[in-house]
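One-letter residues, chain by chain:
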Amino acid sequence: MPRWLKHKALGRFFSLALAMAVVELVTGPPGSNETPTAGFSGSFGEKVSFFGLFPVPRIVQFLAFTVIIYFLISLWRSYGDRLRDGVRSLTERPRAVANKGSVRWGVAAALVVIGALLPRFVTDPFWQTAMVEQIAVYVLLALGLNVVVGFAGLLDLGFVAFYAVGAYATAWVTGALPLPPLFGVHLNPFFAIPIAIFLAMLAGVLLGTPTLRLRGDYLAIVTLGFGEIIFLFVDNLNGITGGSAGSGQVPHFSVDVGPLKYVWGLAPVPYYYLTLAFVILFVVAFSLLEHSRVGRSWTAIREDEVAAESLGINPLKYKVMAFSIGAASAGFAGVVTAAQTNFVNPSVFTIYFSINILVLVIFGGMGSIAGAVVGAVVIQTVSMYLIHTPPAGYQPQDLYIYLGALLIIMMIFRPSGLVPSKRRQREIGLAESGQGHMDEVLTGDVP
Amino acid sequence: MIDELIFNVENITLRFGGVVSLNNVSLEMRRGEILAVIGPNGAGKTSLFNSLTGVYQPQEGRITLSAKSGRSVSVIGMKAHRVSSLGVARTFQASRIFGALTTFENVKIGAESHRGIGIAGAMVRGPRTRHGERESDELAVDLLDFVGLRSKANLLASSLSYGDRRRLEIARALATRPQVLLLDEPAAGTNPSEKLELTELIRKVRDERGVSILLIEHDMKLVMALAERLYVLNFGSVIAEGTPEEIRANEAVIEAYLGAASTAGDS
Amino acid sequence: MIHYFTSHFATLRLEFWPLLVGGLASGFIYSMVAIGYTLVYGVLRLINFAHSEIFMSGGFASLFLLRAVVGNSQPSGFESVLLVGLGVLAGAVAGGLVAVLVERVAYRPLRRRRAPALAYLISAIGASYFLFNLAGKEFGRNYYTLPILFINRPVFSIFGASVQLYYLVVAGAGAAMLVLLDRVVAKSRLGRGIRAVAQDAETASLMGVNIDRTIVLTFLIGGALGGAAAFLYGIQSGVIYTMGFTPALKAFTAAVLGGIGNIRGAVLGGLLLGVVESLSVAFVSGAYIDVVAFSVLVAVLLFRPTGILGERLGRAA
């Protein structure tokens, strides 16, 4: 390599230019089967307006951006520390106030009120539906996965299975599947709620007991493998699950007590309130759990499993517990989805879905309940906005490119997430300073 | 009663692949004593500890533990957390505290680990849970007092000095209400004054808490000052057993261990 | 029940040799991909979750290059041999390149910070997600078939099973690359570096082995093998942006089966898995073929996570 290429500043510029070229590709037009190179040539050659002034090829615009961003980075490198200190001294007092218990409860209460009033302000049917199907349901799923990944430190790539159990359980007890329901009674989806949650938790125990003995990376793969096996069965057992067509017969919730008859239709608002109520329930339950001895034991196992075991903590028991508790909220999410859309179908329950939920948890902050909620709301709102008013050249599937990049970016720059859990942040700090036993997979060689 | 055995280790052999880590080791530990296991590096001391606490499973031999209830149980094949619940607590060679938790929380985890868990109880916090929690809190505070860390109860454990971490580990182990405490090189990495305090503390654990002590140590001064009986390991085998005076006079030990230690330097 | 097994065993007896040959061919592909997992695991003690996309990139590179070269012609004889070589090369170059990029972007910054293991897994999953979805966007989300490089025909037969030319190509190219790799790791300075880091990174670094470079090279070699395997796979199964997922999961199974970190184990595991999967055709319907491989994965991880030959990159190979 020539010496001038090894110059640090130049190296930085080239890395940045490379990164910008990738950005250009990601945001550019798609290619297709007939013209697979169209994406490349279009990404660099297509004419765009240069800051609203005159049309130029995209490559010119991106070169300009590269130079500007390089300039900003250089500025940040020379003055960034001062800026950061300044901001920190400004936010120190608000931060201290925000950490007070009473303030936290106040904020939580305000959020609940806002959440309850939201359907009055959001009247666009697209957004009303999105609020239930794409946001509230995802909040539930993120809350559940946060217990598994965040609290217990278990990377579960088959989390979607519990969501599927909830949805299929609903279809089953309401008589929508080829498999006849118990005693032939077609239940109202309301009664499916406890059954689905119970079955999801049971699935957590059944799946967790054999697999959770494995260490981190093997667990991730085995959950992925299990997820695929379950998917293949659901997709092919036509006589039980309806196969790849699934079922479109799941009834809506309905109230039928004496003279009171009221069937929830497709209108999303009632589902929204039901889901919101359960979100609040799960948030309260999970945060109580976090600060109970169960939560402390999870922290202990996450930090140093050997030491925890020497104190009489049974790691397997607590891990299975995390799996099962996390499954509960996913099971409920399955009920809502099935009952609102009338529909269960295996094509939803893929490994990719599990990874999407993982992104919400990582982005919000592993181990932080507020983080799971914020992560789900922010990412899902943005993705819905992109579907509602897509920028030029944007296809819905492009979202996954961004989500993948987000995972890497978070791990590099902010591994503890947007709203970090304090314990988690400390642990990552300890691991990075070479203390603690969290990174034993990397270095440990215990026989 | 004083001669009752807590641990009865009979002819255990532990192998990793082709490497023999413990070779036909037998050891008896009496209730109420301070027993030490010494030996040069790699002699198998930590392997012995790990076998006693259920971390390793020796391929041959028997380890019998007389549980808190008075019943005799076989340790081999038992998981570490089960062994702990039978009244065996331990510390680690490189201290393994939970750095992201406070000193107090570290001890509390030890105090509450043996109580039955209910998810519902943990969330709803009924009177029983609250009562149990209060008990654990009291025990934790009491133990922090005992080891002299009460003033640091709310500090992050990772901010403690090396000597304090050692104390914290002892407090955390005691919180599981053990009948025997296994200490893996408690004085490693501490300075002379800390060492002295630790010696005091260990004796106090036995005298005031009635916990028997099994100790692995490199530091001969500390061992000779504390232990009432010693076993000497070399290359995975027991080469001598006796009181400190007997061990000091033992030719084989001087040859195998003290000679090696004096050249390797005391830690 | 008895009838089920007797009738299926009858099928198995009839079809045994053909199934075995087919299984060995896909086994070579799994082996080549499995080595990527095993090499990276050997030095980093981590599973490279992005390996499936390194595989996929090899498939696309060979596809585009061969399309450009072959055009509408119908290659035969020596041309076919050259084109197969070209496909292997294109896959290897692309796979190696993407693997090095993945190391640079998703692994190295985390190593600098000494991040906990969970962080590596997550960032590698991110890289995988990013790459295959980007490929889907750029190349379209449909199947491509590679241009016809040779007419697939029976070449000879053993025990009544005719051996297809495709199988010979796969086995030949696969075996050649595996032997080459084995020699490199066993004999060259680079190989010694890899083995040293795998055994004890700290000591290796004290003895002057450049750890960063060794890690990049393991990604490069593993990626090249994976990319080349994707070309061989693509000849029969076509190329699509999600093509990496299933073969990579199976290759990982093979790596664990043979003892992860162990190069010869990975080869053995791959061949074994290929054969088991192929023979299971006699017992289960086509829709559940993948279930067999994944069940092997789950079973191996649960019951024998150290594999058949054990974990030992340093001493094996």
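Just so we're clear, the structure is a prediction, and the values are computed from it rather than from any experiment.

Caption draft 1: The overall build of chain C, seen in detail. If you tally the helices and strands in chain C, you get 11 helices and 2 strands. Listing every helix and strand of chain C by position from the N terminus yields α-α-α-α-β-β-α-α-α-α-α-α-α. Across its three principal directions, the C-alpha atoms of chain C cover 60 × 50 × 40 Å. Of all 317 residues assigned to chain C, the portion counted as buried reaches 55%. Looking at chain C alone, contacts between residues at least 24 apart form 80% of all its contacts between residues at least 6 apart.

Caption draft 2: Up close: the overall build of chain B. From N to C terminus, chain B includes 10 helices and 10 strands. A compact globule built from 267 residues would reach a C-alpha radius of gyration of about 18 Å, and chain B, at 19 Å, matches this within 12%. Seen through its C-alpha atoms, chain B measures out along the principal axes to roughly 60 × 40 × 40 Å. Each of the 267 residues in chain B was classed as buried or not, and the buried ones make up 46%. Taking the contacts inside chain B whose residues are at least 6 apart along the sequence as the reference set, 68% of them involve residues at least 24 apart.

Caption draft 3: Spotlight on the sheet that holds strand β3 (residues 34–38) of chain B. Residue and element names in this part refer to chain B. What the 6 strands build is an open sheet, ordered β6-β7-β8-β3-β9-β10; its pairing is mixed. Of all strands in the sheet, those with a lone pairing partner are β6 (88–90) and β10 (237–242), marking the two edges. Between one strand axis and the next, the sheet turns by 20° as a mean value, whatever way the strands run. For β3 and strand β8 (residues 212–216), the ladder comprises 4 bridges, and the chain directions are parallel. By the bridge assignment, L35 is partnered in β8 with L214. The strands touched by helix α1 (residues 45–52) within the sheet are β3, β6, β7 (180–184), β8 and β9 (229–234), with β7 carrying the most contacts at an inclination of about 150°. Packing against the sheet, helix α7 (residues 192–209) makes contact with β3, β7 and β8, and its axis sits at approximately 150° to β8.

Caption draft 4: Seen up close, the nonpolar core. Residues and elements named next belong to chain A. Within the largest apolar cluster, 308 residues are counted, with the highest numbers of intra-cluster contacts made by L140, A142, A200 and A322. Among the elements that make up this core, the one with the highest residue count is helix α5 (residues 125–151) (17 residues). Here A142 is in contact with I357, L360, V361, G364, A372, G375 and A376, once residues within four sequence places are set aside.

Caption draft 5: Fine view of the confidence of the model for chain C. Residue and element names in this part refer to chain C. Model confidence for chain C is summarised by a mean pLDDT of 86, while 95% of its residues fall at 70 or above. Note on residues 313–317: pLDDT is under 50 here. Beyond four places in sequence and across chains, it has 20 contacts. Reported confidences for the modelled complex are a pTM of 0.88 and an ipTM of 0.89.

Caption draft 6: Spotlight on the sheet that holds strand β2 (residues 19–30) of chain B. All names here are of chain B. Spatially, 4 strands are ordered β2-β1-β4-β5 in an open sheet, and the strand pairing comes out antiparallel. Both outer strands of the open sheet, β2 and β5 (72–74), are each paired with one neighbouring strand and no more. Along the sheet, successive strands turn relative to each other by an average axial angle of 20°, direction set aside. Of the pairings in the sheet, the one linking strand β4 (residues 60–66) to β5 comprises 3 bridges and is antiparallel in character. Note on β5: the bridge partner recorded for T64 is S74. Along the sheet face, α1 touches β1 (5–16), β2 and β4 and points at about 65° away from the line of β2.

Caption draft 7: Structural detail: helix α15 (residues 369–388) of chain A. Look at α15(A): 28 Å from first C-alpha to last across 20 residues, which is about the 28 Å you get at 1.5 Å a residue. When α15(A) is considered as a whole, its buried residues turn out to be I369(A), G371(A), A372(A), V373(A), V374(A), G375(A), A376(A), I379(A), Q380(A) and S383(A).

Caption draft 8: Expanded view of unusual backbone geometry. Phi at N11(B) takes a positive value of approximately 50°, unusual for a residue other than glycine. Within the secondary structure, N11(B) sits in strand β1. The exposure class assigned to N11(B) is partly exposed, which follows from the 13 C-beta atoms found within 10 Å. Phi at R45(C) takes a positive value of approximately 60°, unusual for a residue other than glycine. Assignment of secondary structure puts R45(C) in the loop between α1 (2–44) and α2 (51–70).

Caption draft 9: The arrangement of the interface of chain A and chain B in detail. Counting from both sides, the interface comprises 30 residues of chain A and, opposite them, 28 residues of chain B. Counting residues per element, the ones that place at least two in the side of chain A that touches chain B are α10 (269–290), α11 (293–303), α12 (305–310), α13 (315–341) and α17 (422–432) of chain A. Here the side of chain A that touches chain B gets 7 residues from one element, more than from any other, and that element is α11(A). Considering only residue class, the side of chain A that touches chain B consists of 13 nonpolar, 9 polar and 8 charged.

Caption draft 10: View of the interface of chain A and chain C. Residue-level contacts link 48 residues of chain A with 44 residues of chain C. Residue assignment for the side of chain A that touches chain C shows that the elements contributing at least two residues are α1 (8–27), α2 (38–45), α8 (216–236), α14 (351–364), α16 (398–413), α17 and α18 (440–443) of chain A. In terms of residue count, α8(A) provides more of the side of chain A that touches chain C than any other element does, 12 residues in total. Grouping the constituent residues of the side of chain A that touches chain C by class yields 31 nonpolar, 12 polar and 5 charged.

Caption draft 11: The pairing of strand β1 (residues 154–158) of chain C, seen in detail. β1(C) sits mainly on the outside: 0 of its 5 residues count as buried. The hairpin formed by β1(C) and strand β2 (residues 161–164) of chain C contains 2 residues between the paired strands, and F159(C) there has a positive phi angle of roughly 50°.

Caption draft 12: Layout of the packing of α5(A) against α10(A). Residue and element names in this part refer to chain A. The N-to-C vectors of α5 and α10 enclose an angle of 15°; their axes lie 9 Å apart at closest approach. As summarised for this structure, α5 and α10 are arranged roughly parallel, according to the angle between their axes. Between α5 and α10 lies a crossing whose hand is left-handed. For the pair α5 and α10, contact is made by Q128, M131, V132, A136, V137, V139, L140, L143, V147 and F151 and by V269, Y271, Y272, T275, L276, F278, V279, F282, V283, F286 and E290, respectively.

Caption draft 13: Broad picture of the environment of L182(A). Residue and element names in this part refer to chain A. Relative to the helices and strands, L182 resides in the loop between α6 (160–173) and α7 (189–211). When the 9 C-beta atoms within 10 Å are taken as the criterion, L182 is described as exposed. Distance from L182 to V361, taken between C-alpha atoms, is 36 Å for residues 179 residues apart in sequence.

Caption draft 14: The arrangement of the chains, seen in detail. Contacts are most numerous between chains A and C, taken over all 2 pairs of chains that touch. One thing to see here is that chain B and chain C don't touch, and their nearest C-alpha atoms sit 11 Å from each other.

Caption draft 15: Focus on the pairing of β2(C). Of the pairings in the sheet, the one linking β1(C) to β2(C) comprises 4 bridges and is antiparallel in character. What sits directly across from I158(C), in β2(C), is A161(C).

Caption draft 16: Looking closely at the environment of E228(A). Topologically, E228(A) is positioned in helix α8. Take E228(A): there are 23 C-beta atoms within 10 Å of it, and that puts it in the buried class. Distance in space between the C-alpha atoms of E228(A) and F349(A) is 9.5 Å, their sequence separation being 121 residues. Residues in contact with E228(A), not counting those within four places in the same chain, are I351(A), D290(C) and F294(C).

Caption draft 17: Spatial organisation of the environment of G110(B). Here G110(B) shows up in helix α3 (residues 103–112). For G110(B) and T53(B), which are 57 residues apart along the polypeptide, the C-alpha to C-alpha distance reads 16 Å. In this structure G110(B) touches L311(A), R172(B), A173(B), A175(B) and T176(B), once residues within four positions along its chain are discounted.

Caption draft 18: Quick look at the packing of helix α9 (residues 245–257) of chain C against helix α10 (residues 263–279) of chain C. All names here are of chain C. Closest axis-to-axis distance for the α9/α10 pair is 7 Å, and the angle between their directions is 125°. In terms of their interaxial angle, α9 and α10 are classed as oblique. Crossing of α9 over α10 shows right-handed handedness. Across the interface between the two elements, K250, A251, T253, A254, A255 and L257 from α9 touch A266, G269, G270, L272 and L273 from α10. Grouping the amino acids of the contact of α9 with α10 by side-chain chemistry returns 7 nonpolar, 3 polar and 1 charged.

Caption draft 19: Geometry of α10(C). The first and last C-alpha atoms of α10(C) sit 25 Å apart over 17 residues, in line with the 24 Å expected at 1.5 Å per residue. Burial analysis of α10(C) places 13 of its 17 residues in the buried class, which makes it a mostly covered element.

What counts and what doesn't
Residues numbered from 1 in each chain as written. Chains lettered and ligands numbered in written order. Predicted model: local features only at pLDDT ≥ 70, side-chain atom pairs only at ≥ 80, totals over all residues. Helix = DSSP H or I, 4+ residues; strand = E, 2+ residues; numbered from the N terminus. Buried ≥ 20, exposed ≤ 12 C-beta atoms within 10 Å, placed from the backbone. Contact = placed C-beta atoms within 7 Å. Rg over C-alpha atoms; globule rule 2.2 N^0.38 Å. Pairing = 2+ DSSP bridges. Axes fitted to C-alpha atoms, helices over the stretch in contact; angles between N-to-C directions. Core = buried A, V, L, I, M, F, W, Y, C linked by C-beta atoms within 7 Å. pLDDT = per-residue confidence, 0-100. Expected span 1.5 Å × (residues − 1). Nonpolar A, V, L, I, M, F, W, Y, C, P; charged D, E, K, R; others polar. Parallel < 35°, antiparallel > 145°, perpendicular 65-115°, else oblique. Left-handed = near helix turned anticlockwise from the far one by under 90°.

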